[in-house]
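# Tertiary structure, described
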Amino acid sequence: MKRHQFIFFAIIALMSLGCDKDENNPEEPIEESFFFEDGFETQNDLVDELFPSNGNRWSTIQQTNPTNATNEISISNTEFNEGQNALRILAYQSDSDLSKVDIEKNGLNIVSGDKVIIKADFFIVGTESIENLLLLDLECCSCWDPNVGDNYGSENQCPGVRLMMSGGNDYLSIERGKISGTTIQQTDFAFPRNQWVTVQWEMTMSDSENGLNRLIINETEVINQTGMNMPNAQVFADVFLNQGIDFTLQEPTFYERVQIGATANPTAGNMELFVDDFSIKVE
Ligand SMILES: [Ca+2]
């Protein structure tokens with residue numbers, strides 16, 4: 001009996017030790033993942049409601065107005081695809097200033113190797129050409145070399161990847177100019193207008209050709225290509241060296257913010273669009 005009791009307590013003790021070890025084991029890998037979603041729902045149709053003081057919704061508005069017009073960002077309760085509200089954007093055409101108005105979520109930490117899935121619904125009003133309109137930016141401002149400063153245009157100081165209308169008018173594509181890459185172009189699927197359109201952008205992040213880039217519009221895959229989608233330190237050093245400038249990409253390099261709306265409107269006209277049901281998942 002005593003031996004049985006001893007064995008019983010020994011097993012209990014071992015199990016307890018086992019549990020303690022699991023709970024406190026610093027070697028255990030931590031699965032870090034991030035998820036943010038926002039359907040622009042409000043109580044009183046006020047854009048201020050998207051910026052609660054606890055920071056759990058959006059971070060800021062980015063707005064650059066052309067000389068003689070003021071861009072608009074507001075909550076719509078007449079055009080929406082989810083709930084009862086969507087974000088309404090009106091970006092007037094650019095003049096000497098590049099017109100933009102969009103909403104930003106910052107505090108992200110997207111690094112090489114991460115898998116990122118961004119989803120959003122867009123409703124773009126009108127049928128005129130929207131060539132070069134930018135809708136969604138993923139950016140790292142902290143990776144810019146502070147010693148190089150702002151002599152190269154504030155536009156370029158936040159390297160990143162963007163979704164841009166391209167290919168002659170309205171073919172949504174993945175633009176990589178700010179990381180010295182070419183546009184990953186598609187001209188198979190014109191962006192539907194005056195209706196809600198679901199866009200899904202999936203990436204496996206990499207500063208080499210191993211990156212993966214997928215774009216799905218209304219459940220149709222329009223891009224599925226490998227390629228760089230993060231700033232590469234050597235590429236930046238080489239590009240700037242051509243102008244006689246030492247450029248050191250800052251480490252760690254990570255995308256810290258996402259912007260959605262008319263992140264730039266270089267089109268010939270005024271752009272009105274709506275955004276709904278945004279989400280970003282990082283794993
Ligand atoms: Ca909504």
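To start, this report covers the structure provided alongside it. If you're wondering where the values come from, they're calculated on a predicted model, not measured in any experiment.

## Quick notes on the overall build of the chain
- Along the backbone of the chain there are two helices and 14 strands.
- Expressed as a percentage of the 283 residues in the chain, the buried residues total 33%.
- Across the chain, the fraction of contacts at a sequence separation of at least 24, relative to all contacts at a separation of at least 6, is 66%.

## Section: the sheet that holds strand 5 (residues 100–110)
- If you walk across this open sheet you meet the six strands as 2-5-13-7-8-9, and the pairing is antiparallel. Of all strands in the sheet, those bounded by a partner on one side alone are strand 2 (60–64) and strand 9 (171–175). When strand polarity is set aside, the average angle formed by the axes of neighbouring strands in this sheet is 20°.
- Taken together, the five bridges between strand 7 (residues 134–139) and strand 13 (residues 255–264) define a ladder with antiparallel strand orientation. Each bridged residue has a counterpart across the sheet, and for Leu134 the counterpart in strand 13 is Ala264.

## Quick notes on the nonpolar core
- With 61 residues, the main nonpolar core has Leu273 and Val275 as its most contacted residues.
- Counting residues per element, this core draws most heavily on strand 14 (residues 271–282), which supplies seven residues.

## A word on the environment of Ile73
- Structurally, the position occupied by Ile73 is in strand 3 (residues 72–76).
- As a C-alpha pair, Ile73 and Glu272 span 199 residues in sequence and 9.9 Å in three-dimensional space.

## Section: the pairing of strand 12 (residues 220–226)
- Pairing geometry for strand 11 (residues 212–217) and strand 12, over six bridges, is antiparallel. If you follow Leu212 over to strand 12, its bridge partner there is Thr226.

## Some thoughts on the environment of Lys105
- Relative to the helices and strands, Lys105 is located in strand 5.
- Sequence separation between Lys105 and Trp58 is 47 residues; the distance between their C-alpha atoms is 5.0 Å.
- Setting aside anything within four residues of it in sequence, one finds Lys105 in contact with Phe36, Trp58, Ser59, Arg257 and Val258.

## Re unusual backbone geometry
- A cis amide bond links Glu251 with the next residue in sequence, Pro252, at an omega value of -5°.
- Looking at where Pro252 falls in the secondary structure, it is placed in the loop between helix 2 (233–241) and strand 13.
- Phi at Asn194 takes a positive value of approximately 55°, unusual for a residue other than glycine.
- Topologically, Asn194 is positioned in the loop between strand 9 and strand 10 (196–204).

Criteria and thresholds
Residue positions are given per chain, counted from 1 along the sequence in the order it is written. The predicted nature of this model means local features are confined to residues of pLDDT at least 70 and side-chain atom pairs, given and counted, to a pLDDT of 80 or more, with totals for whole chains, interfaces and linings taken over all residues. Each helix is a run of DSSP H or I of at least 4 residues and each strand a run of E of at least 2, with the numbering of both proceeding from the N terminus. Think of it as a crowd count around each C-beta: if 20 or more other C-beta atoms lie within 10 Å the residue is buried, if 12 or fewer it is exposed, and in between it is partly exposed, with C-beta placed from the backbone throughout. Once C-beta atoms have been placed from the backbone, residue pairs whose C-beta atoms lie within 7 Å are recorded as contacts. When DSSP finds two or more bridges between a pair of strands, those strands are recorded as paired. In this analysis, axes come from line fits to C-alpha atoms, helices being fitted only over the stretch in contact, and the angle between any two N-to-C directions falls in the range 0 to 180 degrees. By convention the nonpolar core is taken to be a set of buried residues drawn from Ala, Val, Leu, Ile, Met, Phe, Trp, Tyr and Cys and joined through C-beta atoms within 7 Å.

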